[in-house]
Amino acid sequence: MLVKTIAMISIVDDTYDVYGTTDELATYTDVIQSYKALLDLYEDYEKEMSSDGRSHVVYDAKEKMKELVKSYNIEAKWFIEGHMPPASECLRNAVVTTTYYFLATTSYLGMTYAKEKEFEWLSKNMKILEGKVVPNSKAVRKLLSVLPESWECKVEAISEAHNLDTLTMDELIRNLKTVLTKMENSSDEFEDEEPQNRSLLAMVEYDDEDT
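Residues numbered from 1 in each chain as written. Predicted model: local features only at pLDDT ≥ 70, side-chain atom pairs only at ≥ 80, totals over all residues. Heavy atoms only, no water.

## Some words on helix H8 (residues 136–145)
Part 1 of the reasoning: The complete set of buried residues in H8 reads Val-140, Leu-143 and Leu-144. Across the axial projection of H8, the buried residues extend over an arc of 100 degrees, all falling on one side. Residues Lys-138, Lys-142 and Ser-145 are exposed on H8 and point more than 90 degrees away from its buried face. (Buried < 20%, exposed > 50% of the residue type's maximum accessible area, 1.4 Å probe, protein only. Helix = DSSP H or I, 4+ residues; strand = E, 2+ residues; numbered from the N terminus. Arc of directions from axis to C-beta.)

Here is the structure:
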């Protein structure tokens, strides 16, 4: 059951990643939610589960599939249009496209003890499905540790100027964005590692409304 679902949604994911304009993918998003191959897959699940009176919970898995393809479309639109959303907005959408919610719900279809109550709990997208909460100080140090080698001096400067135990992720992102802006203005340094720097600039794009 789960293998079939992963195979099908992988094809859907690849379609958003590689093919289509924003208008085409918007239409595709609407159509895919009533796509016969997907619906037939869920009809098979309903038949398998009808023997123990659980066919009605397949509805929840369908809803998670619809939620997933909508989020795939949002990511594709951002990429095609060159839009760099705030980190918080990107993460909210990414939690869906990682398929945590979708695959957790689909996995529950195969658990005979999972009844309506369990699926109602899953429908709320509980935080536990996103993994453990990483302490702020650990997240700050982790981000600094994965920066390119050319950033070593800048990382040292940030570490010396701030207490990493109390520096918030928002404050760090503002610092990184300031450094990147200065590097972009002095184009030689920015262009030396342009792909990495532009990726980093996208990653730390910050919206003051999220503070």
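## Here we look at the packing of helix H1 (residues 2–18) against helix H6 (residues 100–109)
Part 1 of the reasoning: It is at 10 Å that the axes of H1 and H6 come closest, and there the two elements cross at 150 degrees. On the basis of their axis angle, the class for H1 and H6 is roughly antiparallel. The way H1 lies across H6 gives a crossing that is right-handed. The residues of H6 that touch H1, namely those facing Leu-2, Thr-5, Ile-6 and Ile-9, are Phe-102, Leu-103, Thr-106 and Ser-107.
Part 2 of the reasoning: Grouping the amino acids of the contact of H1 with H6 by side-chain chemistry returns five nonpolar, three polar and no charged. (Axes fitted to C-alpha atoms, helices over the stretch in contact; angles between N-to-C directions. Parallel < 35°, antiparallel > 145°, perpendicular 65-115°, else oblique. Left-handed = near helix turned anticlockwise from the far one by under 90°. Contact = heavy atoms within 4.5 Å. Nonpolar A, V, L, I, M, F, W, Y, C, P; charged D, E, K, R; others polar.)

## Quick look at unusual backbone geometry
Part 1 of the reasoning: Positioned with a positive phi, Thr-99 is a non-glycine residue whose angle comes to about 70 degrees.
Part 2 of the reasoning: Relative to the elements of secondary structure, Thr-99 occurs in the loop between helix H5 (87–97) and H6.

## Here we look at the nonpolar core
Part 1 of the reasoning: With 27 residues, the main nonpolar core has Ile-9, Val-12, Tyr-16, Tyr-42 and Leu-109 as its most contacted residues.
Part 2 of the reasoning: Mapped by element, the contributors of at least two residues to this core are H1, helix H2 (22–32), helix H3 (36–50), helix H4 (58–81), H5, H6 and helix H7 (116–122).
Part 3 of the reasoning: Residue contributions to this core peak at seven residues, all from H4.
Part 4 of the reasoning: Discounting residues that sit within four places of it in the chain, Ile-9 has contacts with Met-65, Leu-68, Tyr-72 and Phe-102.
Part 5 of the reasoning: If you look at the next biggest cluster of nonpolar residues, it comprises 13 residues, including Leu-143, Ile-158, Leu-172 and Leu-176. (Core = buried A, V, L, I, M, F, W, Y, C linked by side-chain atoms within 4.5 Å.)

## Topic: the pattern of salt bridges
As a working rule, side chains carrying opposite charge can pair if their charged atoms are close by.
Part 1 of the reasoning: The full count for this structure, using the stated rule, is four salt bridges.
Part 2 of the reasoning: Glu-67 is the partner of Lys-64 in a salt bridge, and the nearest nitrogen-oxygen pair spans 3.7 Å. You can see Lys-64 and its partner Glu-67 sitting in helix H4, three residues apart, about one turn around the helix.
Part 3 of the reasoning: In this structure, Arg-141 and Asp-165 form a salt bridge, with 3.1 Å as the shortest nitrogen-oxygen distance. Taken together, the positions of Arg-141 in helix H8 and Asp-165 in the loop between helix H9 (152–161) and helix H10 (169–185) put the pair 24 residues apart, joining distant regions of the chain. (Salt bridge = Lys/Arg side-chain N within 4 Å of Asp/Glu carboxyl O.)

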